[in-house]
Amino acid sequence: MRTVKSVIFSPMPTQISALSILANYETGTIKERVTIAAGASGCQAIGACTYAEGEGSHPRAVIGLTDITARRNVRKMLGKDKLTFSVPYSMF
């Protein structure tokens, strides 16, 4: 049996705004910076970074697909106006 570790969205910028507010609403505080932008490759942001956040005591949402090369490679599938927003399953 597999365990879900994260949930990944591919939102437009306005949707990222809404998801960030929801993540903040869940925690009730902005001091822990509940949303971070990963300076990582595309797969690391939605995989390794989000997994690591889920292991911590204050998990945070991760904005990804900021890697220029990854964006070029998924542009035909996702469009040029999408990023990723992933959350550890505990936040979902």
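Described below are features of the structure shown in this document. (Residues numbered from 1 in each chain as written. Predicted model: local features only at pLDDT ≥ 70, side-chain atom pairs only at ≥ 80, totals over all residues. Heavy atoms only, no water.)

**Description of the overall build of the protein chain**
Here is the rule: Labels follow the DSSP assignment, with helices taken as runs of H or I lasting at least four residues and strands as runs of E lasting at least two, numbered in each case from the N terminus. The quantity called the radius of gyration is restricted to C-alpha atoms. Its globule counterpart is 2.2 Å times the number of residues to the power 0.38. Classification of residues uses two cut-offs on accessible area relative to the type maximum, computed with a 1.4 Å probe and protein chains only: under 20% is buried, over 50% is exposed, and between them is partly exposed. Residue contacts are defined here by distance: any two heavy atoms, one from each residue, within 4.5 Å place the two residues in contact. A 1.4 Å probe and the Shrake-Rupley method give the accessible areas. Residues count as covered only by the protein chains that appear here.
Helix and strand counts for the protein chain stand at 3 helices and 4 strands. In summary, the protein chain has a C-alpha radius of gyration of 13 Å against a globular reference of 12 Å for 92 residues, a match within 12%. Each of the three principal axes of the protein chain carries a C-alpha extent, and together these read 35 × 35 × 25 Å. Within the protein chain, buried positions represent 29% of all 92 residues. Residue pairs at least 24 apart in sequence account for 69% of intrachain contacts in the protein chain once pairs closer than 6 positions are excluded. Counting every atom, the protein chain has about 6300 Å² of accessible surface; 58% of that belongs to carbon and sulfur.

**Things to note about the pattern of salt bridges**
Which entries qualify depends on this criterion: By definition here, a salt bridge exists when the distance from a side-chain nitrogen of Lys or Arg to a carboxyl oxygen of Asp or Glu is within 4 Å.
Within this structure, the stated rule accounts for 1 salt bridge. Notably, a salt bridge pairs E53 with R60, separated by 2.9 Å at the nearest N-O pair. Look at R60 and you get partly exposed, because its relative accessible area is 24%.

Function-wise, these values are silent; they only describe arrangement.
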